[in-house]
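Results of the structural survey
The residues making up each chain are set out below.
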Amino acid sequence: MVMLGQAKLSGRLVVFRINQDMPNREDNEQELIHRIVVGDQKAMKTVFRTYYMRLFYFTLKVVGDEQEAQDLVQESLMNFWLNVSNKKIIPENIERYLFRMIRNRCVNVLKRRRLVDSKEGEIQDIFAENAEDRLDEIRLREQLFYRIAQCFVHLTPAQNEVMTGIYIKGLTIRQLADQLNTSPNNIRNHKARAIERLRGLLDPELFILFIMGSKKISDFL
Amino acid sequence: MPTPSEILGILDRFLRGESLSDSEREELKKWLFAQEIADQEDAVVFSDPEWEKDFTGYLSLLRNRGKLEEEVQVFSRKAGFAEVGIKEQAPVRSIFRRWGWVAAFAALVAGAAAYSFLQKNVSESDSGWVKTAAMQVEPGKDGAILTLADGSTVVLDSLGNGLVAVQSGFQASIRNGELVYNATQEFVTEPSYNTVHTPKGRQFSMVFADGTRVWLNAASSIRFPTVFFGRERKVEVTGEAYFEISPDAKLPFRVLVDGRAEVEVLGTTFNVNAYPNEGSINTTLIDGSVRVFAAAGGTSGNSIILRPGQQAQLSQGTQPELKLIEGVDVDRTVAWRNGLFNFNNIDFAAAMRQLERWYDINVVYENGIPKDIELYGSMTRDVALNDLLIGLQKIGVKCRLEGRDLIILK
């Protein structure tokens, strides 16, 4: 278990934990891998589409440059394709394997930058320890975001619209009701059902506490 | 039952990474899930606004199918993957009436099994309404016609690569399915103008010498100088086009829209919709900054500066009105460029007009436009019309296809 959280007990509160070994939702992941081993291009494109943006987000956060991030992710996925289809390497878990590959690339990029920046004559391995921590943090953040985004996908479009409106766009119930041309009560119902549904979807070790404003929490202080 | 301060104590230790006993864990869970979901006015997901922005950015990355497909192409080329003639199908979401109507139907393009299932159901319950047309109406595809300065025309076939035209100052070729212009001279004394137009049922994309990219939807056109010159880059557009303008501070980009409006641009991404039968010219800004003028040759007078996510709407008629619209559904506006129809929040007739342009058909309303049908959702554009009609039938739209006329009854 890894904990990732931030608590400001004076008002707003977010608490969440992630089970680091998330259950492998891809039952057909093994099948995908075996298809890639025999050179199935369509299977490779499926993997590409599944992971490209996630890897891109991670890389962009680490290296900061869009073009460089694009290139690094393309390289990693190309390596994946070659490793599996040519060298017949079989990864146990595609997500872990890909993220490890991109992480190594990122580490090299950062190391090179440090060496370039260092003064002439000084060749130090000044790759700071906290860079590793930062990489961990970004990896976990991506996982968290992905988990939440996945949950949104499982809501009905109506619930999705309500949840996005309230929690992402920050609209009030009234504003959302006006925008969608319906009653505030209708919105509240969808919201309640959506949250029930989210609770049901999240595994017991992952809970997200949506902020309820400061009233409830401050009651306890 | 633990007191609030006891709960806080447990919570505090939990947050610091200390291990909790099973009973403590249970209490904490109970407390957390017991919090009532009140409709607080200021509910947010993350306590840190930076996180919230980050998450929103993450979500839009995940949903950016256009960019994803571009990267897939880059990868496929490098890996030497086989060229696919037909675009691969993006995942399809079902279209159904919203707010509780349960008429959702399975994805139209889920494969032969699903298709035959749908067909079977239709013939059982809706006898007679579906006439499988003798001719399959295919969806639109890539293609356009290039008209050179001397009036000669070239049909652009996206599947062939190679030179299309070489004239003074430039050369045009097809590369990877788009029309690419390259300047062969630094300066020209007198520019020549070319026009690319897409008939109904076709779409195309092109790249100018400065790197600016334009996607044309069906029934649209763009007229442009073959080499950008002078103090501005100016093009003329009709129909619908999506622009990604290459930034150049010295040469502002201007788009004359259907002779009725003008957009001034400084390195940006935006979509212009100017079909004459759509009631207004809509310019939606996705990224960067533009100024929209309410008349051609705009340098003064009525204009609006847009920020990303906003739209300028210029109404038709003798006294056109320029309005600023906030909170535009950008996904819906640029869905066409991502190979999708997006029918969220548009009226039935507007959705039918999109089908008219893409499938090159005429929609005829036998009993007037149905008022009680609300479409919702999006789907890929590469569906044969008959399949789509079966879907419409399922949600209660009575229609039939006669040749290229789609007859809609109430």
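Let us now look at the overall build of chain B. A tally of helices and strands in chain B yields eight helices and 24 strands. Scored against the burial criterion, the 410 residues of chain B give a buried share of 27%. In chain B, of all internal contacts separated by at least 6 residues, the share reaching a separation of at least 24 is 51%.

Moving on, we come to the overall build of chain A. When helices and strands are tallied, chain A shows nine helices and two strands. For chain A, the sequential pattern of α-helices and β-strands runs β-β-α-α-α-α-α-α-α-α-α. For chain A, the proportion of its 221 residues judged to be buried stands at 24%. Within chain A, counting contacts between residues at least 6 apart in sequence, those at least 24 apart form 59% of the total.

Next up on the list: the packing of helix α3 (residues 66-85) of chain A against helix α4 (residues 65-79) of chain B. Taken N-terminus to C-terminus, the directions of α3(A) and α4(B) make an angle of 45°; their axes are 11 Å apart at the nearest point. Classified by the angle between their axes, α3(A) and α4(B) sit oblique to one another. Considering how the two elements wind past one another, α3(A) and α4(B) form a crossing that is right-handed. Mapping the contact onto sequence places Gln74(A), Leu77(A), Met78(A) and Trp81(A) in α3(A) and Val74(B), Phe75(B), Lys78(B) and Ala79(B) in α4(B).

So, about the pairing of strand β5 (residues 170-175) of chain B. All names here are of chain B. Along β5, the buried face is formed by Phe170, Ala172 and Ile174; none of Gln171, Ser173 and Arg175, which line the opposite face, is buried. Bridge count for strand β4 (residues 162-167) against β5 is five bridges, and the pairing is antiparallel. Residue pairing in the sheet places Leu163 in a bridge with Ser173 of β5. Hairpin remark: β4 followed by β5, antiparallel, with two residues in the connecting loop; positive phi at Gly169, about 95°.

Moving on, we get to the sheet that holds strand β24 (residues 405-409) of chain B. All names here are of chain B. Pairing in this open sheet of three strands is mixed, and the strands run β21-β24-β23 from one edge to the other. Looking along the sheet, the strands with just one partner apiece sit at the ends: β21 (362-365) and β23 (398-402). Each neighbouring strand pair of the sheet contributes to a mean axis angle of 25°, computed without reference to strand direction. Looking at chain direction, β23 and β24 are connected through five bridges and run antiparallel. In the sheet register, Lys398 faces β24, and the bridge partner there is Leu409.

Residues and elements named next belong to chain A. Mean pLDDT over chain A works out to 72, with 65% of the residues at or above the 70 mark. Least confident of the elements in chain A is strand β1 (residues 2-7), whose mean pLDDT is 30; most confident is α3, at 96. Low confidence marks residues 1-25, where pLDDT is under 50. Its contacts with residues over four positions away, or in another chain, come to 58 contacts. Here residues 120-126 scores under 50 on pLDDT; set against residues more than four positions off or in separate chains, the count is four contacts.

Conventions and cut-offs
Residues numbered from 1 in each chain as written. Chains lettered and ligands numbered in written order. Predicted model: local features only at pLDDT ≥ 70, side-chain atom pairs only at ≥ 80, totals over all residues. Helix = DSSP H or I, 4+ residues; strand = E, 2+ residues; numbered from the N terminus. Buried ≥ 20, exposed ≤ 12 C-beta atoms within 10 Å, placed from the backbone. Contact = placed C-beta atoms within 7 Å. Axes fitted to C-alpha atoms, helices over the stretch in contact; angles between N-to-C directions. Parallel < 35°, antiparallel > 145°, perpendicular 65-115°, else oblique. Left-handed = near helix turned anticlockwise from the far one by under 90°. Pairing = 2+ DSSP bridges. pLDDT = per-residue confidence, 0-100.

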